[in-house]
Amino acid sequence: MTNLKENWDKILHMLEGEIPDISYKTWFQPLKVKSIDKENKILYLITDNSLSISLINSRYRRIFENTINSIFKDNYSFSLEYQEDEAPVINNVGDNEPEFKDEYYFNPRFNFKNFVVGNNNKLAHAAAVAVAENPSEAYNPLFLYGGSGLGKTHLMHAIGHHILKTRNDIKVLYVSSEMFMNEMVSALRKNELRNENNMSGFRKKYREVDVLLIDDIQFLEDKISTQEEFFNTFNSLFSLNKQIIISSDRPPTKLKKMDERLTSRFQWNLVADIIPPDYETRIAILINMAELDGITVNDDLMAVITLIAENIKENVREMEGAFSRIVSFSNLLNEKINSAFAKKVLKDIISSSSREITPDKIKRIVCSYFNIKETDMVSSKRTRSIAFPRQIAMYICREMTDLSLPKIGEIFGGRDHSTVLHSYDKIATEIKTKDSVKQIVDNLQTSVREN
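These numbers were taken from a predicted model, which means no experiment stands behind them. (Residues numbered from 1 in each chain as written. Predicted model: local features only at pLDDT ≥ 70, side-chain atom pairs only at ≥ 80, totals over all residues. Heavy atoms only, no water.)

Enquirer: Can you tell me about the overall build of the chain, naming the residues and giving the values?
Expert: When helices and strands are counted, the chain shows 19 helices and eight strands. Put simply, 73% of the contacts in the chain that link residues at least 6 apart link residues at least 24 apart. For the chain, the exposed surface amounts to about 22500 Å²; the carbon and sulfur share of it is 47%. (Helix = DSSP H or I, 4+ residues; strand = E, 2+ residues; numbered from the N terminus. Contact = heavy atoms within 4.5 Å. Areas by Shrake-Rupley, 256 points an atom, 1.4 Å probe, with all protein chains shown as cover.)

Enquirer: Explain the packing of aromatic side chains to me, using residue names and the numbers behind them.
Expert: Inspection of every chain in the model, using the stated rule, returns 13 aromatic pairs. Ring centres of Phe 234 and Trp 268 lie 6.0 Å apart, and the angle between their planes is 65°; this geometry places the pair in the edge-to-face category. Here Phe 234 is found in helix α8 (residues 224–239), whereas its partner Trp 268 is found in the loop between α9 (260–266) and β8 (270–274), with 34 residues between them in sequence. What makes Trp 268 partly exposed here is its relative accessible area of 44%. An aromatic cluster of at least three residues, connected via ring pairs, comprises Phe 143, Phe 180, Phe 202, Tyr 206, Phe 230, Phe 234, Phe 238, Phe 266 and Trp 268. Taking NZ or CZ as reference, Lys 363 lies 5.6 Å from the ring centre of Phe 412, over its face. (Phe/Tyr/Trp six-rings, centres within 6.5 Å; stacked < 30°, edge-to-face > 60°. Buried < 20%, exposed > 50% of the residue type's maximum accessible area, 1.4 Å probe, protein only. Lys NZ or Arg CZ within 6 Å of the ring centre and 35° of its normal.)

Enquirer: Describe helix α7 (residues 199–207), naming the residues involved and giving the relevant values.
Expert: Listed as buried for α7 are Met 199, Gly 201, Phe 202, Lys 205 and Tyr 206. The arc that holds every buried residue of α7, seen down its axis, measures 165°, which confines them to one face. (Arc of directions from axis to C-beta.)

Enquirer: Tell me about the pattern of salt bridges, and name the residues and values.
Expert: For the structure shown, the criterion picks out 16 salt bridges. Of the charged contacts, one joins Lys 205 and Glu 183 as a salt bridge, the two residues approaching to 2.5 Å between their closest N and O atoms. Taken as a pair, Lys 205 in helix α7 and Glu 183 in helix α6 (residues 177–194) lie far apart in primary sequence, 22 residues in all. Among the ionic pairs, Lys 257 bridges to Asp 222, the shortest N-O distance being 3.7 Å. In this pair, Lys 257 is assigned in the loop between β7 (243–248) and α9 and Asp 222 in the loop between β6 (211–215) and α8, connecting sequence segments 35 residues apart. When salt bridges with common partners are traced through the structure, they connect Arg 203, Arg 207 and Glu 229 into a single cluster. (Salt bridge = Lys/Arg side-chain N within 4 Å of Asp/Glu carboxyl O.)

Enquirer: Which residues make up the nonpolar core, and what are the values?
Expert: Residues Ile 159, Leu 213, Ile 308, Phe 323 and Ile 326 are the most contacted members of the largest nonpolar core, which totals 51 residues. By size, the runner-up hydrophobic cluster in this structure holds 29 residues, among which are Ile 386, Phe 388, Met 400 and Ala 428. (Core = buried A, V, L, I, M, F, W, Y, C linked by side-chain atoms within 4.5 Å.)

Enquirer: Please give an account of the environment of Ser 177 that cites residues and values.
Expert: Considering the arrangement of structural elements, one finds Ser 177 in helix α6. The class of Ser 177 is buried, set by a relative accessible area of 0%. Each C-alpha atom of the pair Ser 177 and Gln 218 lies 8.0 Å from the other, and the pair is 41 residues apart in sequence. Discounting residues that sit within four places of it in the chain, Ser 177 has contacts with Ile 214, Asp 215, Asp 216, Ile 217, Phe 219 and Leu 220. At 2.5 Å, the side chain of Ser 177 forms a polar contact with the backbone oxygen of Asp 216. (Polar contact = N/O pair within 3.5 Å; in protein donor to acceptor, adjacent residues only side chain to side chain.)

Enquirer: I'd love a proper account of the environment of Ser 176, names of residues and values included.
Expert: Assignment of secondary structure puts Ser 176 in strand β5 (residues 172–176). With relative accessibility at 15%, the residue Ser 176 sits in the buried group. A distance of 3.1 Å separates a polar side-chain atom of Ser 176 from the backbone nitrogen of Met 179.

Enquirer: A description of the pairing of strand β4 (residues 142–146) should follow, citing residues and the corresponding values.
Expert: In terms of burial, β4 is a largely internal element, four of the five residues being buried. The pairing of β4 with β7 spans four bridges and is classified as parallel. Each residue of the ladder has a partner; that of Leu 144, found in β7, is Ser 247. Pairing between β4 and β8: five bridges, direction parallel. Each bridged residue has a counterpart across the sheet, and for Tyr 145 the counterpart in β8 is Asp 273. (Pairing = 2+ DSSP bridges.)

Enquirer: Residues and numbers for the pairing of strand β2 (residues 42–47), please.
Expert: By the bridge criterion, five bridges tie strand β1 (residues 32–37) to β2 in an arrangement that is antiparallel. The partner of Val 33 across the bridge, within β2, is Leu 45. Between β1 and β2, which follow one another and run antiparallel, lie four residues, and Lys 41 among them has a positive phi close to 55°.

Enquirer: Give me the lowdown on the confidence of the model for the chain, citing residues and values where you can.
Expert: Taken over all residues, the pLDDT of the chain has a mean of 81, while the share at 70 or more is 82%. Per-element confidence in the chain ranges from a low mean pLDDT of 49 for helix α2 (residues 21–28) to a high of 96 for β7. Counting interchain partners and residues more than four positions distant, the pLDDT-below-50 stretch residues 20–25 has 11 contacts. Below a pLDDT of 50 lies the segment residues 85–104, which in the model reaches 48 contacts outside its immediate sequence neighbourhood of four places, other chains included. (pLDDT = per-residue confidence, 0-100.)

Enquirer: Can you break down the environment of Pro 141 residue by residue, with the values?
Expert: Looking at the element boundaries, Pro 141 is found in the loop between α4 (122–133) and β4. Expressed as a C-alpha distance, the spacing of Pro 141 and Phe 238, which sit 97 residues apart in the sequence, is 8.2 Å. Excluding residues that lie within four positions of it along the chain, Pro 141 makes contacts with Phe 234, Phe 238, Gln 243, Ile 244, Arg 265, Phe 266, Trp 268, Asn 269 and Leu 270.

Enquirer: Outline the packing of helix α16 (residues 384–400) against helix α19 (residues 435–450), listing residues and values.
Expert: Two elements in contact, α16 and α19, have axes separated by 11 Å at closest approach and are oriented at 55°. As far as their axial angle goes, α19 and α16 are oblique. α16 and α19 meet at a crossing whose hand is right-handed. Seen from α16, the contacting residues are Phe 388, Ile 392, Tyr 395, Ile 396, Glu 399 and Met 400; seen from α19, they are Val 437, Ile 440, Val 441, Leu 444, Gln 445, Val 448 and Arg 449. Of the residues belonging to the contact of α16 with α19, the class tally is 10 nonpolar, one polar and two charged. (Axes fitted to C-alpha atoms, helices over the stretch in contact; angles between N-to-C directions. Parallel < 35°, antiparallel > 145°, perpendicular 65-115°, else oblique. Left-handed = near helix turned anticlockwise from the far one by under 90°. Nonpolar A, V, L, I, M, F, W, Y, C, P; charged D, E, K, R; others polar.)

In structure tokens form, the structure reads like this:
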């Protein structure tokens, strides 16, 4: 390994080519190497900008790891720490320019073409497309909510991409709520230090845009002054018929520490949720990811994709991270990607917990056995080809889990507990009278226990 500084210079040079200019200069160029642990293969980095830590960890970690590994030609990880500059200097900025820079950059992979639509996100996707095609005319404000890693930021970036591509007369601004708050604090601090009116520059920046996208609004809970400023910004934009798109990890009614005036405004138009994807959608997401990376989807890769989709269900970002991890290790170790290799790489994920018996597992195994879709299980279809597998799945849920009849009914499309009981009794009777049904149920229960 050559000189560390020389290697770091190479890494910075490669990153400059990977990351758009404004993001690179603002967030990444100031990074410094603190030390390197050759034994544990960890590169320790420091920065005096706390926002860059959040941005790198949430959006650019994979690019950083791949770049570091390509330079060191080994499987290195990195640790990024905040460290105050010994001699902080206040930037020489004018009255109308805030100290912090906003995130003008939209991730090129986060577009509508690469977004996999499923039952879990259909409404949110349709609303996002409508807003992107007709800002301020479709849904204003648009409020997207859902758990971490389910695609809210992807949709927001996709909206920004589409507007910038199709409307050169519209000014678009995308920021996190954390960045909004930090910019406001910075402007207030400069007012105190210099006795200047920097708040006018801050307000002009946010209130003269045509489209404002603000991510993770829940971060403003308990931030009274910032909420007040955002309330006034919201009112100003809305009164001028400017488009506002907001994301959160919860619906407006669950933002208990947010000003009621704000939460009521968040509900003025469309509130759309994104829930964890079903099995088929998880498979489609991973296939799409492989194709974007130029990886051939063969039988071995499908086995790996199935393995990931079966073990990671609640977080798309974690699922994609697991796939990237397998691909990275395969390239580093020159190993073929197959299920055996994937199990080694993901041994911390694929543990004994993967054998836990859950309704999702039962539905998946029953659907696979009868060659039907999981969505059929919760649909209103009553044909024999759907109703019979559904009744068996309900029977197995009753036998192999401690779920109540109402809970099982809820899981299977909001059915009444009497429907579940009828299904259970019907299959229990057929097990006693029909050997074929008994054999099917025995085989399925064995598969549920062993997989």
